[in-house]
Amino acid sequence: MSVVDPIAGAVERLVRFPFNALEYTNILLTTEDAVVGATPREVVWTHRQTTLYRYRSPDRRYAVPLLLVFALINRPEIFDLRPGSSLVEYLIEEGFDVFLVDWGYPDEEDADMGLDEYVCDELEWAVRETLRASGAEELSLMGWCIGATLCAMYCGLDRGGERPPVKNLALLTMPIDGRNSTYANWVADEDFDVDGVSELYGSVPGSAIDFANKMMKPVTNYWTTYRRLWEGVQEGTARREAYQSMAKWVADNPPFAGKAWRQWIRLMYRDAALLSGRVRLRDRSVDLGRIDQNVLVITAGADHIAPRPGTMPFFDLIASDDVEHFDRPGGHIGLVAGSAARKELWPAMAQWLAERSDA
Amino acid sequence: MADRQNGAQSPEQQVRALYEEAESNTAKAFEALVNKPSFGRLLALSAENTAALTRMSFDGVDLLWRNLRLAGRADIVRLSKQLHRTEDKLERVLQEVEKLRDDVARDRDATGSRS
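Reading the values: rules and limits
Residues numbered from 1 in each chain as written. Chains lettered and ligands numbered in written order. Predicted model: local features only at pLDDT ≥ 70, side-chain atom pairs only at ≥ 80, totals over all residues. Helix = DSSP H or I, 4+ residues; strand = E, 2+ residues; numbered from the N terminus. Rg over C-alpha atoms; globule rule 2.2 N^0.38 Å. Contact = placed C-beta atoms within 7 Å. Buried ≥ 20, exposed ≤ 12 C-beta atoms within 10 Å, placed from the backbone. Core = buried A, V, L, I, M, F, W, Y, C linked by C-beta atoms within 7 Å. Nonpolar A, V, L, I, M, F, W, Y, C, P; charged D, E, K, R; others polar. Axes fitted to C-alpha atoms, helices over the stretch in contact; angles between N-to-C directions. Parallel < 35°, antiparallel > 145°, perpendicular 65-115°, else oblique. Left-handed = near helix turned anticlockwise from the far one by under 90°. Pairing = 2+ DSSP bridges. Right-handed = clockwise from strand over helix to strand, strands pointing away.

Student: Honestly, the overall build of chain A in this entry has me stumped. Any pointers?
Tutor: A count of helical and extended segments in chain A gives 14 helices and 12 strands. A compact globule built from 359 residues would reach a C-alpha radius of gyration of about 21 Å, and chain A, at 22 Å, matches this within 12%. For chain A, the spread of C-alpha atoms along the three principal axes comes to 80 × 55 × 35 Å. Sequence-distant contacts, at least 24 apart, represent 83% of the contacts inside chain A between residues at least 6 apart.

Student: Any chance you could explain helix α4 (residues 146-155) of chain A here in plain terms?
Tutor: One full turn of an α-helix is made of 3.6 residues, so residues set three or four places apart face in the same direction. All names here are of chain A. Most of α4 sits out of view: 10 of its 10 residues are buried. Within the span of α4, buried status applies to Ile-146, Gly-147, Ala-148, Thr-149, Leu-150, Cys-151, Ala-152, Met-153, Tyr-154 and Cys-155. Turning to α4, the residues buried within the fold contact β3 (66-69), α3 (115-134), β5 (139-144), β6 (166-172), β9 (279-281) and β10 (284-286).

Student: Please explain the nonpolar core as it appears in this structure.
Tutor: Nonpolar side chains in soluble globular proteins generally cluster together in the buried interior. The biggest cluster of nonpolar side chains holds 107 residues, and the ones touching the most others in it are A:Leu66, A:Leu67, A:Leu68, A:Val69, A:Val98, A:Cys151 and A:Leu171. Ignoring sequence-local partners within four residues, the contact set of A:Leu171 consists of A:Gly143, A:Ala148, A:Cys151, A:Ala152, A:Leu296, A:Val297 and A:Ile298.

Student: Which parts of the structure should I look at to understand the environment of A:Val336?
Tutor: All names here are of chain A. Along the polypeptide, Val-336 turns up in helix α13 (residues 334-337). In the structure, Val-336 is positioned 38 residues away from Ile-298 in sequence and 9.3 Å away in space, judged by C-alpha atoms. Those residues within four positions of Val-336 in sequence are excluded, and the remaining contacts are Leu-87, Trp-144, Leu-172, Ala-341 and Leu-345.

Student: Help me understand the interface of chain A and chain B in this model?
Tutor: Think of interface size as the accessible area that goes away when the parts come together; that is how it is often given. Taken together, the contact pairs 25 residues of chain A with 28 residues of chain B. Within the residue set of the side of chain A that touches chain B, elements represented by two or more residues are α5 (182-187), α6 (194-201), α7 (206-215) and α8 (218-235) of chain A. Across the side of chain A that touches chain B, the residue classes tally to 12 nonpolar, 6 polar and 7 charged.

Student: Would you take a moment to explain the environment of A:Leu67 for this structure?
Tutor: Residue and element names in this part refer to chain A. Inspection of the secondary structure puts Leu-67 in strand β3. Accessibility expressed as a C-beta count within 10 Å gives 25 for Leu-67, which makes it buried. For the pair formed by Leu-67 and Leu-141, sequence separation is 74 residues and the distance between their alpha carbons is 5.0 Å. Filtering out sequence-adjacent residues up to four positions away, Leu-67 remains in contact with Phe-99, Val-101, Ala-126, Val-127, Thr-130, Leu-139 and Leu-141.

Student: Explanation requested: the packing of α6(A) against helix α3 (residues 37-67) of chain B in the structure shown.
Tutor: When two helices pack together, their arrangement is given by the angle between the helix axes and the distance between those axes. Their axes nearest at 9 Å, the elements α6(A) and α3(B) cross at an angle of 30°. Here α6(A) lies roughly parallel to α3(B), going by the angle between them. With respect to the hand of their crossing, α6(A) and α3(B) are arranged in left-handed fashion. Between α6(A), through A:Gly196, A:Val197, A:Leu200 and A:Tyr201, and α3(B), the contact on the second element is made entirely by B:Ala47, B:Glu48, B:Ala51, B:Ala52, B:Thr54 and B:Arg55. Its residues assigned to classes, the contact of α6(A) with α3(B) comprises 6 nonpolar, 2 polar and 2 charged.

Student: Even after reading the chapter, I still don't get unusual backbone geometry, so can you show me in this structure?
Tutor: For residues besides glycine, phi is generally negative; the peptide bonds are generally trans as well. Residue and element names in this part refer to chain A. One non-glycine residue with positive phi stands out, namely Arg-48, at about 50°. Looking at the secondary structure, you find Arg-48 in the loop between β1 (42-47) and β2 (50-55). Given 20 C-beta atoms within 10 Å, Arg-48 falls into the buried group. Positive phi, normally seen in glycine, also occurs at Asp-283, with a value near 65°. If you trace the backbone, Asp-283 turns up in the loop between β9 and β10.

Student: Please explain the sheet that holds β2(A) as it appears in this structure.
Tutor: The strands making up a sheet associate through hydrogen bonds between their backbones, and the pairing can be parallel or antiparallel. All names here are of chain A. Reading across from one edge, β1-β2-β4-β3-β5-β6-β11-β12 is the order of the 8 strands in this open sheet, with mixed pairing throughout. Both edges of this open sheet fall to β1 and β12 (323-328), since each of them pairs with a single strand only. When strand polarity is set aside, the average angle formed by the axes of neighbouring strands in this sheet is 15°. As paired strands, β6 and strand β11 (residues 294-300) are joined by 5 bridges and run parallel to one another. Across the sheet, the residue bridging to Leu-169 is Val-295, located in β11. Against the sheet, α3 makes contact with β1, β2, β3, β4 (98-102) and β5, and its axis sits at roughly 30° relative to β2, the strand it touches most.

Student: How should I be thinking about the pairing of β6(A) in this particular structure?
Tutor: Across a regular strand the side chains alternate sides, sitting on one face of the sheet and then on the other. All names here are of chain A. In terms of burial, β6 is a largely internal element, 7 of the 7 residues being buried. Here β5 runs beside β6; their pairing, made up of 6 bridges, is parallel. Across the sheet, the residue bridging to Trp-144 is Leu-172, located in β6. With α4 bridging β5 and the parallel β6, this β-α-β connection has right-handed handedness.

Shape descriptors only; they carry no functional weight alone.
See below:
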């Protein structure tokens, strides 16, 4: 290396700076135009804010349909992020009949929507409509984050001895005991008036939920992400579509229905009531010991939202004989939606489902 | 020069590595900070204050709107809640109708197969 090289490099970067700056700002300013959730789908059923969608497989090979359930924060489009990087697209190519429940955008008038309503009404009815639409007797449930906890609660709900029509239960980055998480440090203190805040807001604004999520890793979320994008632009390695689709999804934050929010904080961060079987929905007990389905649990090693230790007690509670655990490196969302997932995790998930999805 | 040829970093790479180390340490320090209960208390108080201010401003605007004989947010929320209650009832009625229709179809199939 000669002395001239670093100088030439610096001059080149200086000359390219205006172009790079333009490209960088263009990526940030046109993020809203990114294509998210593009796989063709049809509406099967709606109720209040909830919509059930169906993604028909051109080559359906499995009799048991798959119902995807996302969290009550952010949008379920993470299952179908962008063409070429969509779990839904992958699953329908593999021959699954895929349904997705979308909780919509709850507003002040939905303040009365609690976990009771989400589990006993919306999810119960979404399952019913999925079975009617697909003509199947049983389905596979795949929940992610809070959606996974809702699925577990649905399967553990007292039905007077009847079994829910669920054959397979796949739970991705599911919180069961949140008492040792960063969230718990913020909201577990009884001085924090969750009832007051939820009553004042009606539904807790999505921007507040997003702010709290980002504050868990403030430097990474508010600085490093943008710095890395700038470096990528300078080096010519920035992946515009990948960045924009994820950034658009992250910025789309529906409100959290007030009643569900305060119930969630109590049962997850204050009481961990799911562990002791003290959760009651519509006066029906929720006992995870009733879960006897084929169960797949996926945890992420670097998950700071639903840390792995908060999921592990689940295995001691359930009654299933067929239990599988995939523990992978990765974050809460990146584990399943990241670019590496398509090569390793999605095929493993599809294989697990395929082996258990014949009528 | 000989050092660099042996794989040592250039000054630019050293600066970048130093920067990334500083950023990583700052990130860890902030994560430790937000993990403290005192930060949680600060966040909780801010959330409560923001919620109260939001409600007060909504109520103020609503009062103005109502005095102008226009529907305010509270009126729209009340109407939406009524619509939701109607939709809840309709959904339950629909499910009962579908269940009865399935029962009738099942009975008809059973009668048909017996005869």
